[in-house]
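Fold and contact review
The residues making up each chain are set out below.
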Amino acid sequence: MSKLIALTEDERDCYQEITNVAMGQAADQLARLLDVYVVLPIPNVNIIERNEFKMTIKSLEDAPSVSAVCQGFIGAGVAGEALLIFNDSSFSDISQLLKYSQELNTEEELEMLMDVANVLNGACIQGIGKQLDINFSQSHPIILGQHRPISELLDEKHVTWQRTMAIEINYTIEDHNINCDLLLLFTEESVLHMNRLISFLLED
Amino acid sequence: MTDSQLEMTEFHWLMDILQTIDVGLVVLDRSYSIKLWNGFMENHSGIRPDQAKGQNLFSLFSEIDEDWFKKKAETVFLLNTRAFTISEQRPYLFKFSNNHPITGRADFMYQNATIIPLNNVDGTTDNICLIVYDVTNSAMSKKDLAGIKALLNT
């Protein structure tokens, strides 16, 4: 049994700050790509138990159907996944922004989902890596589901972990009905390792 | 840019590509000492290139069956041909954890591997390159499919 992970108040603040910087960079890139103003909330850092996980993602989006893409990242003792959950009602607005044709078929929607996920995940993961001096490997993105109720995204029977650190970031775009959630999930061993890394930042 | 500058730039590109590519690359010599260890191997194993270089592959990774691997690799050294292992035959060569630790269902990374000869100038082979692919996704889908087929047949 591995040691149960927990965060002190300082550590939580530190992760929040690191994420803040990283998501700022991601939002900046998205703003340049789309020429819009991206609203940034304060990221939410939490340790969640496996049985709370479904509830956590449910609480992020109350939409009847969502689409989700996840991408694994690993480097220097830190491993995790970036999960982008996209409210399905945002599709028409984002297709306008990305200048896709009005009526999207399934492939085009997927294409768009991947484009947005790529910008948000990529920039955010690299941003965090840069601050912690880690060069992350990123795996191919995987579609967890398109147009499905959020409870169907995850196969709970096969969950192998006990606790995870989740950083939630809710991106919205001004004047548009666009709402998506980026969830950065870190494994337990990674959190222990990252706590050591950030202890240098917290020293003074 | 002069030709030599261009060559240097290209060399840097190649090094970047080797480091970043989502495929494991390991160069081994005749005694199975590690000569090259790329970013994929570093990140997934947690062993830095400077720790890996010069180490014996089998002492570093006890999960690799030495006799089995040598049998495969010796043909590469001798015959100058490629050798392959697939995940159906052996689920993994290196026991790495699944690339999707949170949403993934596999307990480890399924791997395919290719061993290619690296020739000397005179055509003999003193080094081999081990190429490791992450095939967890397709391996899991295949397993699911086999499970469903079995259900249908009962």
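Going by the structure above, here's the rest.
These remarks concern the structure in this document. Because the structure is a prediction, the values reported are computed rather than measured. (Residues numbered from 1 in each chain as written. Chains lettered and ligands numbered in written order. Predicted model: local features only at pLDDT ≥ 70, side-chain atom pairs only at ≥ 80, totals over all residues. Heavy atoms only, no water.)

**Quick notes on the sheet that holds strand β4 (residues 111-119) of chain B**
Residue and element names in this part refer to chain B. Taken in spatial order, the five strands of this open sheet run β2-β1-β5-β4-β3, and their pairing is antiparallel. Of all the strands in the sheet, the pair left with one neighbour each is β2 (34-37) and β3 (83-85). Going across the sheet, the axis of each strand differs from the next one's by a mean of 20°, ignoring polarity. (Pairing = 2+ DSSP bridges. Helix = DSSP H or I, 4+ residues; strand = E, 2+ residues; numbered from the N terminus. Axes fitted to C-alpha atoms, helices over the stretch in contact; angles between N-to-C directions.)

**Structural notes on the interface of chain B and chain A**
Listed per partner, the contact involves 14 residues of chain B and 29 residues of chain A. Between chain B and chain A lies a buried interface of about 1,600 Å² when both sides are counted; carbon and sulfur atoms form 56% of it. Broken down residue by residue, the surface that chain B buries against chain A is led by N43, I102 and T103 of chain B, which jointly contribute 42%. At the surface where chain B touches chain A, the tally comes to zero salt bridges. For the pair chain B and chain A, the number of links is five residue pairs in polar contact (both at pLDDT 80 or more). Top element by residues in the side of chain B that touches chain A is helix α2 (residues 39-45) of chain B. It accounts for four residues. Tallied by class, residues from the side of chain B that touches chain A come to three nonpolar, eight polar and three charged. (Contact = heavy atoms within 4.5 Å. Buried area = accessible area lost by both parts, 1.4 Å probe. Salt bridge = Lys/Arg side-chain N within 4 Å of Asp/Glu carboxyl O. Polar contact = N/O pair within 3.5 Å; in protein donor to acceptor, adjacent residues only side chain to side chain. Nonpolar A, V, L, I, M, F, W, Y, C, P; charged D, E, K, R; others polar.)

**What to know about the pairing of β4 of chain B**
Residue and element names in this part refer to chain B. Note that β3 and β4 share three bridges and pair antiparallel. Its bridge partner being in β4, F84 is matched across the sheet by T114. Pairing between β4 and strand β5 (residues 125-134): nine bridges, direction antiparallel. Directly across from T114, in β5, lies its bridge partner I131. In this structure, the hairpin formed by β4 and β5 is closed by a connection of five residues, where G123 is found at a positive phi of approximately 90°.

Just geometry here; none of it tells us what the structure is for.
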